[in-house]
Amino acid sequence: QLYDLMTMAFKYQVLLCPRPRDILLVTFNHLDAIKDFIYESPGILNQVDETFRQLIETYNCLSDGEFQLIRQTLLIFFQDMHIRVSIFLKDKVQNSNGRFALPTSGPVPWGTEVPGLIRIFNHKGVEVKRTEFTTAGNYVTPQREGSFELYGDRVLKLGTNMYSVSRPVETHMAGSSKNLASRAKENTVPNPLAKEELNFLARLLGGLDIQKPAGGETGFRLNLFTTDEEEEHAAQTRPEDLSYKVINIEATQEPGRRAELSRILGELEVAEARPDSAGKGEDLLALMDGL
């Protein structure tokens, strides 16, 4: 499970890299986290720094095309892995089938411009026309490029602790208020399946003999909270437009339903078979009595 979590987290980080070269920044974030764990061990810290230097020496000189080839190779390796991870499912960045839902908003790659402008040039390379268009995402320009040196600000948060309070999953998915509004609108639509399940529960309860309590209160109340105080607090803090209607369940004593439930219970009853060991024990006792 730990290996599955690691592979899916790294796959998500590679998918979200704004540009292929940023894969190296993800690796540097991993090594920076290792250095935070071993800062009290100078010998091991020197080994990690040496690994840093070798990575810089090997990969800093590669072209963007070579980094793109590395990124493609990694994604080909991960393409058939669709393992569901609870933290990704919770943050709505992974679908129920294990595939990632990439955001359409966020920072654009360093050295590029925010989409929305088309420039047209003539054969001499002179700009002759500009056309603007609207985009579906909310894009921003990064303030600076991440550091590819031994020490420095990586800027890119991919590769850092995804269980921290401000993890990159939340940073990328909190892009526009439009998505939040649409998500809230979806929550206000009642789920027809929920009502059908409650109706089915009412039909089952209708065939049971319910004893009235001594206090004269009839029926029961379904509470999904630990205490009544939690339920009252949730009711007060919940927005009015997200409040659901109360469905009352009336447990009636209809003979047809009671007979149907009795039939089902009768099919579930199994006659208790006498264990074979009991018979063998009685035969052994009779034999000993005979001696």
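Residues numbered from 1 in each chain as written. Predicted model: local features only at pLDDT ≥ 70, side-chain atom pairs only at ≥ 80, totals over all residues. Heavy atoms only, no water.

The chain is annotated in an unreviewed UniProt entry as OSCP1 protein from Neopipo cinnamomea.

Undergrad: In this structure, what is going on with the overall build of the chain? I would like to understand it.
TA: Within the chain one finds 11 helices and four strands. Burial status across the chain gives 23% buried among its 291 residues. Of the contacts made within the chain by residues no fewer than 6 positions apart, 65% connect residues no fewer than 24 positions apart. Carbon and sulfur atoms provide 56% of the accessible area of the chain, an area that totals close to 21700 Å². (Helix = DSSP H or I, 4+ residues; strand = E, 2+ residues; numbered from the N terminus. Buried < 20%, exposed > 50% of the residue type's maximum accessible area, 1.4 Å probe, protein only. Contact = heavy atoms within 4.5 Å. Areas by Shrake-Rupley, 256 points an atom, 1.4 Å probe, with all protein chains shown as cover.)

Undergrad: What should I look at first to understand unusual backbone geometry in this one?
TA: Among all residues save glycine, negative phi is the norm, and among peptide bonds the norm is trans. For Lys92, which is not a glycine, the phi torsion comes out positive at approximately 60°. Tracing the backbone through its elements, the reader meets Lys92 in the loop between α5 (86–90) and β1 (106–107). Phi at Val155 is positive, roughly 65°, even though this residue is not glycine. Tracing the chain through its elements places Val155 in the loop between β4 (139–140) and α6 (168–173). Note on Val155: relative accessible area 28%, which makes it partly exposed.

Undergrad: I'm lost on the packing of helix α2 (residues 22–37) against helix α3 (residues 42–59) in this one. Help?
TA: Packed helices, taken two at a time, are described by their axes: the angle between them and the distance between them. In the contact formed by α2 and α3, the axes pass within 10 Å of each other and the chain directions differ by 170°. With respect to α3, the element α2 is oriented roughly antiparallel. Residues Leu24, Thr27, Phe28, Leu31, Asp32, Ile34 and Lys35 of α2 pack against Leu45, Val48, Asp49, Thr51, Phe52, Leu55, Ile56 and Tyr59 of α3. When grouped by side-chain class, the residues that make up the contact of α2 with α3 number 10 nonpolar, two polar and three charged. (Axes fitted to C-alpha atoms, helices over the stretch in contact; angles between N-to-C directions. Parallel < 35°, antiparallel > 145°, perpendicular 65-115°, else oblique. Nonpolar A, V, L, I, M, F, W, Y, C, P; charged D, E, K, R; others polar.)

Undergrad: For this particular structure, what's the right way to read α2?
TA: Side chains of residues three or four places apart in an α-helix project in the same direction, reflecting 3.6 residues per turn. Along its 16 residues, α2 runs 23 Å from first to last C-alpha, staying within 8% of the 22 Å computed at 1.5 Å per residue. For α2, the set of buried residues is Asp22, Ile23, Leu24, Leu25, Val26, Phe28, Asn29, Leu31 and Lys35. Structurally, α2 contributes buried residues whose contacts are with α1 (2–16), α3 and α4 (64–78). (Expected span 1.5 Å × (residues − 1).)

Undergrad: In this structure, what is going on with the environment of Arg84? I would like to understand it.
TA: Of note, Arg84 is situated in the loop between α4 and α5. By relative accessible area, which is 54% here, Arg84 ends up exposed. Not counting the four nearest positions on each side in its chain, Arg84 is found in contact with Leu89, Gln94, Asn95, Ser96 and Gly98. Separated by 3.5 Å, the side chain of Arg84 and the backbone oxygen of Ser96 make a polar contact. (Polar contact = N/O pair within 3.5 Å; in protein donor to acceptor, adjacent residues only side chain to side chain.)

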